[in-house]
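Coordinates in review
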Amino acid sequence: MSKPSTLGGACIIASVCVGAGMLGLPSAGAGAWTLWTVLAISVTMVMMTLSGWLLLEALKHYDFKVSFNTITKDVLKSKVNAINNLSLYFVGGILLYAYISSSGMIFGGIFDINAKLASVLFVIASSVFVLHSTRAVDRISVLLIIFMAISFIIGISGLATNIQLPTLLDSIDSQTSLSPYALAILPVALTSFGYHHSVSTMRDYYRDENRAKNAILGGTLIALTFYVIWVVCIFGNLPRTQFGPIVAAGGSVDALMTALGSVVSSNSVKQALNIFSIAAVVSSFIGVGLGVFDYLADFFGFEDTKQGRFKTWAVTFIPPLVFSLFAPFGFVAAIGLAGAAATIWTCIIPALLAKKLRQRQPEQQGFVVPGGNVTIYAVIIFGVLTACFHLLAMADVLPIFQG
């Protein structure tokens, strides 16, 4: 069998990220608008890439099949591991839940069927790639990223040629201070780069930490490129004052696409944007599902056999599907909640694992993240502050844009 390509791994990482970010960031960043949103997602990309590398560095001391549960229990002990497990499964589950709920609305409308039935069919059709193998997810992720890129280029071309600089910079409403809204973006931005449950999958896939490192960097760069172009084109077309109905609708995919349709005259561009949003949801669902799948296989000790993989599939996909059928809610609300909890296992735990294992084995052989303790403490501080910002926003201490 040929060696897996770096591009394939990068596409898996990008596919995990892009759905949450593309659909959540415009609404989350409406208060801070263009410059502050781009700055927030760029800083987040750097910190989340480093934190993923720290986890990769920690994993090098263990067998390739080892995931978060085993390493955290060994290094940080059972109580910390229990907290990490709860936060990881909560975030993975709530993301799958958000994607399933969104897919039900999208595909229900396309095929004129009940949204709940559409959700069930979506889960069955999309999760089969995860059930099969990482290689199958690699192949479909590459196809979906290519599909997304083509539809993105077609859709964005209509928006890019229509960008209005006063709208992009919000110079019409120049009296409003935008910076106070920037801090509230970070939890959604963090979730938009929340690929960390796939780090052990990448390491096992390549059997080489350096190749996995390159795949992670490639994936986060692809995601950042999509995000920046998307945010600029959205904010350059839709005035800030028109985001009220989108925010009120929970940042739903339908509300965003409807608002874009009001400013784009070309039907082909509208269709391309709709296709892109569908591909983003599908790719993220598969990517997140793979990460949660491998994590739960390690947690429950399920074997890598047909029977074992089916058990893992059931515990990965059935709970979020059931919740989505009975209690669907706002997409951005789900992403924001995930962002607050994700700081534990995307920033704090990876940094602590790397620090403890460096102390245990100070010879520093193999893959090591540059920057020493400065990188470790920077990642921890970033994670703690992001969680605090979300809690402050929930308590109405930080301003939240309502339109």
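Residues numbered from 1 in each chain as written. Predicted model: local features only at pLDDT ≥ 70, side-chain atom pairs only at ≥ 80, totals over all residues. Heavy atoms only, no water.

The protein goes by Aromatic amino acid permease in an unreviewed UniProt entry, where it is assigned to Photobacterium piscicola. The Subcellular location (unreviewed entry) field of the UniProt record for the protein holds the comment "Cell inner membrane". (UniProt positions renumbered as here; feature names shortened; annotations may be inferred.)

1. Notes on the overall build of the protein
Check the secondary structure of the protein and you find 15 helices and zero strands. Computed over its C-alpha atoms, the radius of gyration of the protein comes to 20 Å, within 12% of the 22 Å expected for a compact globule of 403 residues. In terms of principal-axis extent, the alpha carbons of the protein reach across some 55 × 45 × 40 Å. Of all 403 residues assigned to the protein, the portion counted as buried reaches 59%. As displayed, the protein has an accessible area near 16000 Å², and 67% of this comes from carbon and sulfur atoms. Taking the average place of the 22 positive charges on the side chains of the protein and the average place of its 17 negative ones, the gap between the two points comes to 5 Å. (Helix = DSSP H or I, 4+ residues; strand = E, 2+ residues; numbered from the N terminus. Rg over C-alpha atoms; globule rule 2.2 N^0.38 Å. Buried < 20%, exposed > 50% of the residue type's maximum accessible area, 1.4 Å probe, protein only. Areas by Shrake-Rupley, 256 points an atom, 1.4 Å probe, with all protein chains shown as cover. Lys, Arg positive; Asp, Glu negative; His and termini not counted. Charge placed at Lys NZ, Arg CZ, Asp CG, Glu CD.)

2. Concerning the nonpolar core
The biggest cluster of nonpolar side chains holds 129 residues, and the ones touching the most others in it are Ile71, Trp230, Phe243, Leu260, Phe285 and Leu353. Ranked by residue count, the leading element in this core is helix α12 (residues 267–300), at 16 residues. Dropping the residues within four chain positions of it, Ile71 is found in contact with Ala58, Leu59, Tyr62, Val66, Leu76, Leu353 and Leu357. (Core = buried A, V, L, I, M, F, W, Y, C linked by side-chain atoms within 4.5 Å. Contact = heavy atoms within 4.5 Å.)

3. A short note on the environment of Pro26
One can find Pro26 in helix α1 (residues 6–28). A relative accessible area of 0% means that Pro26 is categorised as buried. Sequence separation between Pro26 and Thr201 is 175 residues; the distance between their C-alpha atoms is 30 Å.

4. Section: the packing of helix α2 (residues 33–59) against helix α8 (residues 199–206)
Packing of α2 against α8 brings their axes to within 9 Å, and their N-to-C directions diverge by 55°. By the angle between their axes, α2 is oblique relative to α8. Where α2 crosses over α8, the two elements pack in a sense that is right-handed. Here α2 contributes Gly52, Leu55, Leu56 and Leu59 to the contact with α8, which in turn contributes Val199, Ser200 and Arg203. (Axes fitted to C-alpha atoms, helices over the stretch in contact; angles between N-to-C directions. Parallel < 35°, antiparallel > 145°, perpendicular 65-115°, else oblique. Left-handed = near helix turned anticlockwise from the far one by under 90°.)

5. Remarks on unusual backbone geometry
Glycine aside, a negative phi is what most residues show, and trans is what most peptide bonds show. Here Trp33, not a glycine, exhibits a phi torsion of approximately 65°, which is positive. Counting through the fold element by element, Trp33 comes out in helix α2. Judged by relative accessible area, Trp33 falls into the buried class, the value being 1%. Of note, Arg207 is a non-glycine position whose phi angle comes to about 55°, a positive value.

6. Here's the deal with the environment of Leu131
The topology assignment puts Leu131 in helix α4 (residues 115–132). Taking the C-alpha atoms as reference, Leu131 lies 9.8 Å from Lys311; in sequence the two are 180 residues apart. Those residues within four positions of Leu131 in sequence are excluded, and the remaining contacts are Arg309, Phe310 and Trp313.

7. Structural notes on the confidence of the model for the protein
Looking at the protein as a whole, the pLDDT averages 86, with 93% of positions reaching at least 70. Confidence scores differ between elements of the protein, with helix α11 (residues 253–261) showing the lowest mean pLDDT of 74 and α2 the highest of 95. (pLDDT = per-residue confidence, 0-100.)

8. Considering the packing of aromatic side chains
Under the counting rule described, the total for this entry stands at 20 aromatic pairs. With centroids separated by 5.3 Å and ring planes inclined at 80°, the aromatic side chains of Phe193 and Tyr227 adopt a geometry described as edge-to-face. Taken together, the positions of Phe193 in the loop between α7 (186–191) and α8 and Tyr227 in helix α9 (residues 209–237) put the pair 34 residues apart, joining distant regions of the chain. The same class applies to Phe193 as to Tyr227, namely buried. Chaining the aromatic ring pairs together yields one cluster made of Phe107, Phe111, Phe122, Phe285, Phe310, Trp313 and Phe317. Positioned above the aromatic ring of Trp53 is the side chain of Lys213, whose terminal nitrogen or guanidinium carbon lies 5.8 Å from the ring centre. The lysine or arginine in question, Arg240, covers the ring of Tyr181, its NZ or CZ lying 5.4 Å from the ring centre. (Phe/Tyr/Trp six-rings, centres within 6.5 Å; stacked < 30°, edge-to-face > 60°. Lys NZ or Arg CZ within 6 Å of the ring centre and 35° of its normal.)

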